[in-house]
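For reference, the chains in residue letters:
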Amino acid sequence: NDTKISPYITLDKTSFAYTSARNRWPVIVTGAIDDVHRAIIDCKEEDKCKEGKTIVEGLAAIKYELQHDRQLIPLVDDGQSDIGGYNKELDSLGLVKWSNVPWLYAECYLYRRISTLFAPSRYWANYDVFARQKNATFRSSRPAVLELAAKYKGLVTQLEGDEAGTKDAQELEEAERILFMEMLEICLWGNATDLSLLTSLKYEDIQKLQGSKARKEAEQNILVNDLPAAYQVLKAAQKTKEKQARQVDIVLDNAGFELFVDLILAGYLLAAGLATQVVLHPKSIPWFVSDVLPGDFGALLNALASPQDFFSSPADQGSQSETRPELLSEAEVSDLSFLFQHWSGFHQEGQLTIRPNRFWTHAGSYWRLPDTAPGLLDDFKKSELVIFKGDLNYRKLTGDAMWDATTPFTTAIGPLGLRSGIRVLALRTCKADVVVGLPPGEDDKLRATEGGGGDTGARKWAWSGKWAVVQFSDGKV
Ligand code: F6P
Ligand code: MG
């Protein structure tokens, strides 16, 4: 079911695939090696240390193979059913080396291969080699978290007040529409800080990317904005199915701040009655460094349950040099506790659920969803709106293929597009080459900007997370 358009490959010097494979992946594997090293130093049981050392050897082997451009080898069977699919696809690619392989396949293979090192272990099977980084970045997002927590509390309190009928209907609907746009924009830009790309950023830079001022300035960087159509869909459903279940799905991307803003959105949709159920779709294995695992959801709620412990500790717990942040004020603790109560309430009531599926960590694109994950397809058909977050989800929706930038979004997402019966909304900050649905001439205009790629043949403007697209497909049958 794959698209016939060629995928981006790591051999292509004009693609971000080239830099990713040569420069970024070895750094990411080195980070994983350091993390397990640190965990071994802390570990008490001898057997656990031994297993840890074997894992480090496995990671070092991957790093060596990457840096010496070896062939990709079949994955060892770790008991999960997706191994067969990975190896079958590798077989069909022939003898491929790291420097000349489809980008999407190779990057997924890298994380899947790392996971095979942990899976057979007695002590490390559920170890998240990226958790330390995810936690540290979330701690460092404190200013933006506090800003949004105060805003959320005010908003929900206001919504509850409005139920008592303090505003007229038209005024309310207009306020709701504006808020919807803002919530989704928060959610969109929350993705600009993913860890796999921003390894070189300092915490202060990350904080700058997250504030409301930054968001306002970034509004002009949304190249296509289909949010009004998505709002109409939820509003229409609210009117026609007022008393019925109305589900919104969020195919998650990153943990920490991004998950926090996803929950802000989920809580808002439920509180405003734009959905009665929100289903979150996390990954099942450590993925692209910062992606959400089910455990990250629990960790986030725990952080909110004891906010002083979490946010008043140094961002990087292992580092000696960092100073302890100031204590949170009483008002700040109260705002964060409000969030905790609100979200755990929805969770307990079954209105906010988390539903893992191994499909999300397959190597293939989402063109394969109808064939490989028919259960998910059926779920999505029942959903009012399926929101796909972030860059990787966009690459997978479009097959990470070399589409012309003016190709309609509905065409590029293949079986999930026209007549699919699924309403898709992609919230994507651009961190890779593929981009579709742009007006004619826009790509050239952006290439001509400073650092945009010029006439090098590279679409450099699309690599940094500065630009974004919000694209909708109504899938009408
Ligand atoms: O472009 C860098 C990159 O690591 C891509 O490989 C990947 O698609 C993306 O960033 C991950 O970003 P996100 O977390 O937004 O999916
Ligand atoms: Mg990610």
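Everything below is about the structure printed above this text.
Predicted, not measured: the structure shown is a model, and the values here were computed from it. (Residues numbered from 1 in each chain as written. Chains lettered and ligands numbered in written order. Predicted model: local features only at pLDDT ≥ 70, side-chain atom pairs only at ≥ 80, totals over all residues. Heavy atoms only, no water.)

Chemist: How would you summarise the overall build of the protein if you had to cite specific residues and measurements?
Modeler: When helices and strands are counted, the protein shows 19 helices and seven strands. Against the 2.2 N^0.38 benchmark of 23 Å for 477 residues, the protein shows a C-alpha radius of gyration of 22 Å, consistent with a compact globule. Classification of the 477 residues of the protein by burial places 55% in the buried group. The long-range fraction of contacts in the protein, counting pairs at least 24 apart against all pairs at least 6 apart in sequence, stands at 81%. Surface accessibility of the protein: about 20,400 Å² in total, with carbon and sulfur atoms responsible for 52%. (Helix = DSSP H or I, 4+ residues; strand = E, 2+ residues; numbered from the N terminus. Rg over C-alpha atoms; globule rule 2.2 N^0.38 Å. Buried < 20%, exposed > 50% of the residue type's maximum accessible area, 1.4 Å probe, protein only. Contact = heavy atoms within 4.5 Å. Areas by Shrake-Rupley, 256 points an atom, 1.4 Å probe, with all protein chains shown as cover.)

Chemist: Quick one: what's the story with the site of ligand 1, residue by residue and with numbers?
Modeler: The environment of ligand 1 is made up of 15 residues, and the closest members are Arg 24, Asp 253, Asp 391, Leu 392 and Lys 431. Between Asp 391 and ligand 1, the recorded distance is 2.7 Å, taken from a side-chain N or O atom to an oxygen atom. About the coverage of ligand 1: the protein hides 100% of its 390 Å² of free accessible area. If you list the elements that add at least two residues to the shell around ligand 1, you get helix H1 (16–42), helix H4 (103–118) and helix H17 (390–397). Considering each element in turn, the shell around ligand 1 owes the most residues, four residues, to H17. Taken together, the residues of the shell around ligand 1 sort by class into four nonpolar, four polar and seven charged. (Near = heavy atom within 4 Å. Polar contact = N/O pair within 3.5 Å; in protein donor to acceptor, adjacent residues only side chain to side chain. Nonpolar A, V, L, I, M, F, W, Y, C, P; charged D, E, K, R; others polar.)

Chemist: Can you explain the pattern of salt bridges? Please cite residues and give values.
Modeler: Applying the stated criterion to the full structure yields 28 salt bridges. For Arg 132, the salt bridge is made with Asp 35, and the minimal N-O distance between the two is 2.7 Å. Separated by 97 residues along the polypeptide, Arg 132 in helix H5 (residues 131–140) and Asp 35 in helix H1 bring together distant segments of the chain. A relative accessible area of 29% places Arg 132 in the partly exposed class. Classification of Asp 35 as buried rests on a relative accessible area of 6%. In this structure, Asp 391 and Arg 428 form a salt bridge, with 2.9 Å as the shortest nitrogen-oxygen distance. (Salt bridge = Lys/Arg side-chain N within 4 Å of Asp/Glu carboxyl O.)

Chemist: Go over unusual backbone geometry, please, and point to the residues and values.
Modeler: Note: most residues except glycine have negative phi, and most peptide bonds are trans. At Asp 69, a position not held by glycine, the phi torsion is positive, near 45 degrees. When you line up the elements, Asp 69 lands in the loop between helix H2 (46–67) and helix H3 (82–93).

Chemist: Which residues make up the packing of aromatic side chains, and what values go with them?
Modeler: The geometry of two aromatic rings is summed up by the distance between their centres and the angle between their planes. If you walk through the whole model with that rule in mind, you get 29 aromatic pairs. Seen from their ring centres, Phe 138 and Phe 310 are 5.6 Å apart, and the 45 degrees between their planes marks the pair as tilted. In this pair, Phe 138 sits in helix H5 while Phe 310 sits in helix H13 (residues 307–311), placing the two residues 172 residues apart along the sequence. Note on Phe 310: relative accessible area 10%, which makes it buried. With a centroid separation of 5.8 Å and an interplanar angle of 70 degrees, the aromatic rings of Tyr 152 and Trp 343 are classed as edge-to-face. Highlighted residues: Tyr 152 in helix H6 (residues 142–163) and Trp 343 in helix H14 (residues 330–348), separated in sequence by 191 residues. Judged by relative accessible area, Tyr 152 falls into the buried class, the value being 1%. Judged by relative accessible area, Trp 343 falls into the buried class, the value being 1%. Three or more aromatic residues joined by ring pairs make a cluster, and in this case those are Phe 138, Tyr 152, Phe 257, Phe 260, Phe 310, Phe 311 and Trp 343. We note Arg 22 situated over the ring of Tyr 18; from NZ or CZ to the ring centre the distance is 3.6 Å. (Phe/Tyr/Trp six-rings, centres within 6.5 Å; stacked < 30°, edge-to-face > 60°. Lys NZ or Arg CZ within 6 Å of the ring centre and 35° of its normal.)

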